[in-house]
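# Observations on the three-dimensional arrangement
Single-letter residue listing:
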Amino acid sequence: MSAYIPYFLNSLTLISILLLVSMGMAIIFGLMNVVNLAHGEFITIGAFTLVVVERVGGNFWLALIVAPVVGYIFGLILERVLIRRVYGNALHALLMTWGLSLILQQVIQLIFTANPQSIKGPFPGAISIFGENYPAYRLFLICFALAVFVVTVLVFKKTKFGLDLRASIQSPEMASVMGVNPAKINAHAFASGAALAALAGVLLAPLTAVTAYMGLNYLARSFFVVLIGGAGSISGVAAGSVLIGGLETFLSYQIPVTVAQAAVLILAIVILRFRPKGILPA
Amino acid sequence: MTSNIPILTLNNVSRTFGTFKAVTDVSETFGPDELNCIIGPNGAGKSTLLNMICGTLPVSSGSISFGETAIHGLSGDKIARLGIARKFQVPSVFESLTVFENFQVSAPANSDLAILEEILSTVNLVEDLDVTASDLPHGKKQWLEIGMALTMQPKVLLLDEPTAGLSADETSATAKFLRGLVGKVTVVVIEHDMAFVRELGARTIVLHHGEVIASGPFSEIENNEFVRDVYLGRR
Amino acid sequence: MTQLSSLLAANKTASGLRFRPATLIAILLILIMSVVPLFSNAYDLTNYRDVLLFGLFALSLDIFWGRTGILSFGHATFFGLGAYGMAVSSIHFGIDPSYVSIVGLLVGIGLAAVVAALVGYFILYGGVRGDHFTIVTLALTIVANHIAIGWSKVTGGDSGLIGIPPFSIFGFSFYDPMASYYLALIVLAICLFSAIWILNGRLGLILSAIRDDEVKAKTLGYDTKLILLITFVVSAMLASLAGALYVTNTGFVAPDMIALLLSTEVIIWVAVGGSGTLVGAVIGTAIVWWLQQKISSISVTAWPIAIGSFFIMLVLFFPRGPGAFVLEKVKAFQKSREGNK
């Protein structure tokens, strides 16, 4: 029995990571229908915010607060200057955000060099669970991801902002008649997505090599989490994360990790054949 | 009635969307080369019925046959190849192609040019041969789409509101044109413009809340109390 | 009626004529390229040969993207499958050197065809189109790249494989730069003219029709999914042909030949030449290659930034391609001059 505990916790860790990186994607791609190929770089920006905060003497907890703010402002500017010009044109959104992604990667690498950055995560120790030692930070990550998920779902289901957003996506004309400004709502929604991605970046940083290209690892997977979960529903992200994260952990016990990641994406393509709208469509 | 062997048979055809019954237990037969009209208020299930015949929507229950062949469950392109052509409600033509190229795509490969030119002149588009479809006015797009359906040399022609957005003159030209098809091809027209349906003077089927409430020659339908009530909103 | 017949006949020739400029440009391009070796040294020639093969790669993408309007972000997968198919079969299997190139070519193209058919079946028959198709193909390149790096026993991992022999057939080896240049040129010419000929015919019309309105094309009796799938597979096979020939020139294969950056570079090549023009894809490749030489000589990191900026400019300033942009400006200029007179 106890042999299954680390396995189970590893699955939960990966599911939490996917949940974190995909929630921003669920807003920007799932709800707003903007294909954002620079999503990975939003995550990278979050991780590098941690690097900068630690260099100037701050710590992880400070970065956890600063990064979403940085992501939000960055997202807001980006939306106002570029993204709002490509709403409704998937091809243009795709090309533009890919261009952005390439530029951001290079700029980050120019500033911070290509070497992985060293960072100090919190909780260096391990905690004993049912007699098994497990890194404390990962347990924290699992709880934190769950909390972020619950809060995000509540914001989108229960608050006026969430309602306005869903209204202005369904019918911008109707929404503006009702006194909602769709342009403003879109800007804030995009910025929130970027903020969530940046937050994910900080939380990921202690577990992975922090480089300019780190975001790319999560780009395809977060798209698939949203597609498989069902674009348009925030709660679908949980289903998508559980499926993809669970499968990947299971497979990586049998085959090399890179091949496991590949196998999961292939399985996801197969699933899309039979459930083109995802497993929990909106 | 030209013949008694039906070319298209609907047998207890139903379609539900969730709990909503869009079409319920429709059983009808259409003879070869007849002109038929399906009328009914908005939301009566006319377009749903058409979509099921041409395979865009699967049936929830019941069966549809074309001659002896069951066609429900076949994909749209297979049904089209059997000889069922369809004109959509919103004119749907290939916008980036010219009128002639639209015809080339819709006509079977190696079609006789003489047939194409006959159809071109029937739908009055000879002069617009090289015009890109997106530049055509609405009325001509409707005609282009009807022309495209004809180039397929179908046995059954389904038309979804062919007069939507047409002027009075164009509408009566359409009615005259459709009457001219009697004896050549089985035509099923969906309409809610009563003046147009009267001009067609065809066998008419009335749908209401997804069910057939009357069918017969238009003159009979016109005098049916129940149908009048439905149209006046009394039921 | 007879008047109409002659009108229709005239129209038929007219629609043939409408594509003449592109065909003429293609003929001119191939003619120019066939005399280039007379004026070039061996080193430049090897570069030009690579450009020809990249041009073939760009052509393969344009056949699918340009005609169906569906963008594949995964074409490097097929280029890479051709490259790795050739590399692995010529290095690992100990095949007789006299026909190893043919086997490698068949393995590479076969792999690409099978992968394209499987992936294409699952996503095209699942109804995945537009941006979702692009994302799935993007993931495909990531998967392929993961496998190329992770499966090092076969692929050589990060460092790739070295020692691929020059292309040879019936005992004749194309090791000489001149010979390999002409091999690339002949293959490109055959593919280019076949593509122009086929796509200017009925199939081209049908693909345009599917791009405009797939549901309508279906009601006209076309099996649109099958037509899209076949086009995708053929396009993938051409990409793998380019990849397989490419590595017989370089002599090695590396994971950056099956990577996302290459997938996006090929999009730029096609976009610069104007997607859907076929010959434009080849010309675009040459222009971008030349730019890349210039920019990379300034700084290595400058190139990805240049591509990135180009993507953004493409969307903001010339959404229909730089070629169309220049043409419009020229037309507007001519009009204003006529107006002044």
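Whatever comes next refers back to the structure up there.
Figured I'd write up the structure that's included with this text. If you're wondering where the values come from, they're calculated on a predicted model, not measured in any experiment. (Residues numbered from 1 in each chain as written. Chains lettered and ligands numbered in written order. Predicted model: local features only at pLDDT ≥ 70, side-chain atom pairs only at ≥ 80, totals over all residues.)

## Quick word on the overall build of chain A
Scanning chain A from N- to C-terminus turns up 11 helices and two strands. Each helix and strand of chain A, ordered N terminal to C terminal, gives the series α-α-α-α-β-β-α-α-α-α-α-α-α. Overall, the C-alpha framework of chain A stretches about 60 × 50 × 35 Å when taken along its three principal axes. Taking all 282 residues of chain A together, 49% fall into the buried category. Taking the contacts inside chain A whose residues are at least 6 apart along the sequence as the reference set, 75% of them involve residues at least 24 apart. (Helix = DSSP H or I, 4+ residues; strand = E, 2+ residues; numbered from the N terminus. Buried ≥ 20, exposed ≤ 12 C-beta atoms within 10 Å, placed from the backbone. Contact = placed C-beta atoms within 7 Å.)

## Things to note about the arrangement of the chains
Sorting the two pairs of chains in contact by contact count puts chains A and C at the top. A gap remains between chain A and chain B, with no contact made and the closest C-alpha atoms lying 15 Å from each other.

## A short note on the pairing of strand S1 (residues 126-129) of chain A
Residues and elements named next belong to chain A. As defined by bridge partners, S1 adjoins strand S2 (residues 132-135) across four bridges and the pair is classed as antiparallel. Bridge pairing in S2 places Ala126 opposite Pro135. A loop of two residues connects S1 with S2, the two strands running antiparallel in sequence, and Phe130 in this loop sits at a positive phi of about 45°. (Pairing = 2+ DSSP bridges.)

## Things to note about the interface of chain B and chain C
Taken together, the contact between chain B and chain C spans 24 residues of the former and 21 residues of the latter. Elements supplying a minimum of two residues to the side of chain B that touches chain C: helix H2 (76-82), helix H3 (99-106) and helix H4 (113-122) of chain B. Ranked by the residues each element gives to the side of chain B that touches chain C, the list is headed by H3(B), at five residues. Its residues assigned to classes, the side of chain B that touches chain C comprises 11 nonpolar, six polar and seven charged. (Nonpolar A, V, L, I, M, F, W, Y, C, P; charged D, E, K, R; others polar.)

## Quick notes on the pairing of strand S10 (residues 211-217) of chain B
Residues and elements named next belong to chain B. Of the strand pairs in this sheet, strand S9 (residues 203-208) and S10 are connected by six bridges, and their pairing is antiparallel. Note that in S10 the partner of Leu207 across the bridge is Val212. Hairpin connection between S9 and S10: a loop of two residues separates the two successive antiparallel strands, and His209 in this loop has a positive phi of roughly 50°.

## A few points about the packing of helix H3 (residues 42-68) of chain C against helix H8 (residues 177-199) of chain C
Packed helices, taken two at a time, are described by the angle between their axes plus the distance between the axes. Residue and element names in this part refer to chain C. Put simply, H3 and H8 touch, their axes get as near as 9 Å, and they point 20° apart. The pairing of H3 with H8 is recorded here as roughly parallel in orientation. The chirality of how H3 crosses H8 is left-handed. From H3, Ala42, Leu45, Thr46, Tyr48, Arg49, Leu52, Leu53, Gly55, Leu56, Leu59, Ile63 and Arg67 reach across to H8, where they touch Pro177, Met178, Ser180, Tyr181, Ala184, Leu185, Val187, Leu188, Cys191, Leu192, Ala195 and Leu199. Residues that form the contact of H3 with H8 fall into these classes: 19 nonpolar, three polar and two charged. (Axes fitted to C-alpha atoms, helices over the stretch in contact; angles between N-to-C directions. Parallel < 35°, antiparallel > 145°, perpendicular 65-115°, else oblique. Left-handed = near helix turned anticlockwise from the far one by under 90°.)

## Points about the sheet that holds strand S6 (residues 84-87) of chain B
All names here are of chain B. Spatially, six strands are ordered S6-S7-S8-S3-S9-S10 in an open sheet, and the strand pairing comes out mixed. Edge positions in the sheet fall to S6 and S10, since each of these pairs with one other strand and no more. Strand-to-strand, the axes of this sheet are offset by a mean angle of 15°, without reference to chain direction. Across the sheet, helix H1 (residues 46-53) touches strand S3 (35-39), S6, strand S7 (156-160), strand S8 (186-191) and S9, and the angle it forms with S7 is around 150°. Sitting on the sheet, helix H5 (residues 138-151) is in contact with S6 and S7, with an inclination near 175° to S6.

## Quick word on the sheet that holds strand S5 (residues 69-70) of chain B
All names here are of chain B. Reading across the sheet, the four strands line up as S2-S1-S4-S5 and stay open at both edges, with antiparallel pairing between neighbours. Edge positions in the open sheet fall to strand S2 (20-30) and S5, since each of these has one partner strand only. Strand direction decides the pairing type here: strand S1 (residues 8-17) and strand S4 (residues 61-66), joined by five bridges, are antiparallel. Directly across from Thr9, in S4, lies its bridge partner Ser65. Here H1 sits on the sheet in contact with S1, S2 and S4, set at roughly 60° to S2.

## Considering the packing of helix H13 (residues 279-298) of chain C against helix H14 (residues 302-316) of chain C
All names here are of chain C. Taken N-terminus to C-terminus, the directions of H13 and H14 make an angle of 130°; their axes are 8 Å apart at the nearest point. Judged by the inter-axis angle, H13 sits oblique to H14. For the pair H13 and H14, the contacting residues are Gln292, Ile295, Ser296 and Ile298 in the first and Ala302, Trp303 and Ala306 in the second. Residue classes in the contact of H13 with H14 are distributed as five nonpolar, two polar and no charged.

## Thoughts on the interface of chain A and chain C
With 34 residues of chain A in contact, the opposing surface of chain C contributes 37 residues. Elements supplying a minimum of two residues to the side of chain A that touches chain C: helix H4 (90-112), helix H9 (216-229) and helix H11 (257-274) of chain A. Per element, the largest residue contribution to the side of chain A that touches chain C is 15 residues, and it comes from H4(A).

## Topic: the nonpolar core
When a protein is soluble and globular, its nonpolar side chains tend to lie buried together. One finds Leu59(C), Ala83(C) and Ala139(C) to be the most contacted residues of the largest nonpolar core, which totals 271 residues. Looking at this core element by element, the count peaks at 15 residues for helix H1 (residues 4-31) of chain A. Once residues within four sequence positions are removed from consideration, Ala83(C) is found in contact with Gly108(C), Gly243(C), Ala244(C), Tyr246(C), Val247(C), Val253(C), Met257(C) and Ile258(C). (Core = buried A, V, L, I, M, F, W, Y, C linked by C-beta atoms within 7 Å.)

## Points about H1(B)
For an α-helix, 3.6 residues make a turn, and residues three or four places apart therefore share a direction. Counting buried positions along H1(B) gives eight out of eight residues, so the element sits mostly inside the fold. All buried positions along H1(B) are accounted for by Lys46(B), Ser47(B), Thr48(B), Leu49(B), Leu50(B), Asn51(B), Met52(B) and Ile53(B).

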